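A structural walkthrough
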Amino acid sequence: GWGWGCTHGARWSKEGNPRLLTIVLDHLSIARAHATAAHIGMARLRRLEGLDEEAEKHKAEALRRIQETGYFRRLVEAEVL
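Computed from a predicted structure; not experimentally measured. (Residues numbered from 1 in each chain as written. Predicted model: local features only at pLDDT ≥ 70, side-chain atom pairs only at ≥ 80, totals over all residues. Heavy atoms only, no water.)

Let us now look at helix H1 (residues 18-48). An ideal rise of 1.5 Å per residue puts 45 Å on 31 residues; H1 measures up with 45 Å between its terminal C-alpha atoms. Each element contacted by the buried residues of H1 is listed here: helix H2 (52-69) and helix H3 (75-79). (Helix = DSSP H or I, 4+ residues; strand = E, 2+ residues; numbered from the N terminus. Expected span 1.5 Å × (residues − 1). Contact = heavy atoms within 4.5 Å.)

Okay, here's the thing in structure tokens:
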């Protein structure tokens, strides 16, 4: 079949590849967790800089992403910002 290689040795074909799909979804999950952490960090930084309006924007985005992704281990940290 046709396909392309990736670093995990999985290949895609016309029929699909469940292993590759799992790898892609895992990477997306990690990226979403990193984005959530970035918004928490930016909210903390903006608060320290006295930029409360900007801090609130990042806090709101972090909370939205936590609810959207189920990344609840960061919820309390985001709520107290």
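Attention now moves to H2. Helix length check: H2 (18 residues) gives 25 Å between terminal C-alpha atoms against 26 Å at 1.5 Å per residue, within 8%. Among the structural elements, H1 and H3 are those in contact with the buried residues of H2. Of the residues trailing H2, Gly-70 is marked for its positive phi of about 80°.

Moving on: the nonpolar core. Ile-40, Ala-43, Ala-62, Ile-66, Leu-75, Ala-78 and Leu-81 form the largest nonpolar core, which has seven residues in total. Where this core is concerned, the elements lending two or more residues are H1, H2 and H3. Ignoring any residue separated from it by four or fewer positions in sequence, one finds Ile-66 in contact with Thr-36, Tyr-71, Phe-72, Arg-74, Leu-75 and Ala-78. (Core = buried A, V, L, I, M, F, W, Y, C linked by side-chain atoms within 4.5 Å. Buried < 20%, exposed > 50% of the residue type's maximum accessible area, 1.4 Å probe, protein only.)

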